[in-house]
Amino acid sequence: MTATREIRKIAVVGAGVAGLAAARCLSGAGFDCVIFEKRDRVGGVWAEGYHSFGLQTTKSLYEIPDYPMPKTYPRFPPGEQIRAYLENYARDFGLIKKIRFNTSIQRLERHAQRNWCIVTCNEENPEANQVEFFDFVVIATGLYSTPYMPEFPNRKDFGGNILHSSQYTSSDQVMDKKVTVVGFGKSALDIATDAAQYANHVDLVFRGSHWPVPTDVLGLIDVRRIFVNRLVGGFLPLYQRPEKWESRLHDSCPWLIKGFWKFVEVLLKTQFPLKACNVIPDVPLETDLFNQDFLPRPETYGLMKKGKIACRRATITSLARGCVELDNGQSLASDTLILATGWKPDYSWLPEQFQSRSEERRVGKECRSRW
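What comes next is a walk through the structure. None of the values given here were measured: they were computed from a predicted structure. (Residues numbered from 1 in each chain as written. Predicted model: local features only at pLDDT ≥ 70, side-chain atom pairs only at ≥ 80, totals over all residues. Heavy atoms only, no water.)

**A short note on helix α7 (residues 244-252)**
- For α7, every residue scored as buried is listed here: E246, L249 and H250. Taken end-on, α7 shows its buried residues confined to a sector of 95°, consistent with a single buried face. Along α7, the residues that are exposed and aim more than 90 degrees away from the buried face are K244, R248, D251 and S252.
- Considering only its buried residues, α7 is in contact with α6 (230-233) and α8 (254-271). (Buried < 20%, exposed > 50% of the residue type's maximum accessible area, 1.4 Å probe, protein only. Helix = DSSP H or I, 4+ residues; strand = E, 2+ residues; numbered from the N terminus. Arc of directions from axis to C-beta. Contact = heavy atoms within 4.5 Å.)

If you want it as structure tokens, here you go:
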């Protein structure tokens, strides 16, 4: 790729993993890049995370190929180490000086000369919008823009603290409390596991559970050696543009594919006490992998089995003073409600035609946990 007369100046929106990587490649190709970041530091989702959050895949699968993570990092680095890694990446490749921190995009418009007009706002001077023109725009804002907070009847009567998972920043928030965590995604299980160490009691409320993916199958073999390959990839449902051999495999040997996934489900039920914890998923494994797979902490299911985390497969119908009412008739004593219910992307600053197109393609829908 080489710079051309048509495209010289490029705006990159977001200084997370994708934004930094895009800016580095484009700058290396000779383009003049400006990175807009609404926070005061790089990292995207890693710049703000719940207490004790961290990488759920091994660092070798997340690191940038030509910029390995430090050898001192553990196999699953905590969030602060990931953020430090990205900050070092931005500094070492000269990206820091290209970033405008505390700057949010108010509006993006197509200009008459077929370039782009960006209206920005800086936190230090929120009333003074700045207008700039760019030849090309890279949108790297991700899906995690606005916390999704479901509304419950009688919410004002609850009396306790109601937090989104992103607001859980310290174990002091659950110390000696009766805690209800809503959701069954990575953040919900992480927070429930962490809270179980400090709270008087932890309830985990969810509509549907998900299949856990172990780091090591039966504690012996790295999961990547078995499942991260072309052959097993061919066993997945044929969602997008399958190759001929994949289509033939599904047409000729459906029994083999079904048997393979049933065998893997048996392995997971052997490794994790899913039945004892009442968290066997309703969705087949091969389908759930496209929805929300996660690597649980080793102690999570043990805490569920011991009752340190009480699993409630139900829906919240309403709140009352010091309790959470469920659709199965149960009433949970609670003074802290933590909603690990996902996020909504914010594309309100995009041109109207892009917003409508995103809606048609189901891009920009709420990214929510199956809570």
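The rest of the description comes next.
**Re the nonpolar core**
- With 65 residues, the main nonpolar core has L20, V181, F184, L204, V279, Y301 and M304 as its most contacted residues.
- The residues touching V181, leaving out its near neighbours within four places in the chain, are A188, I191, A192, V202, D203, L204, V205 and I338. (Core = buried A, V, L, I, M, F, W, Y, C linked by side-chain atoms within 4.5 Å.)

**Let's talk about a nonpolar patch on the surface**
- The grouping of V45, L143 and Y144 at the surface amounts to a nonpolar patch, some 240 Å² of accessible area in total.
- On the accessibility criterion, V45 (38% relative accessible area) is partly exposed. (Patch = residues over 30% accessible without salt bridge, like charges linked within 9 Å, V, L, I, M, F, W, Y side chains within 5 Å. Areas by Shrake-Rupley, 256 points an atom, 1.4 Å probe, with all protein chains shown as cover. Salt bridge = Lys/Arg side-chain N within 4 Å of Asp/Glu carboxyl O.)

**Quick word on the environment of P237**
- Tracing the chain through its elements places P237 in the loop between α6 and α7.
- Residues P237 and H250 lie 13 residues apart in sequence; the distance between their C-alpha atoms is 8.6 Å.
- Discounting chain neighbours no more than four positions away, the residues touching P237 are H250, E286 and F290.

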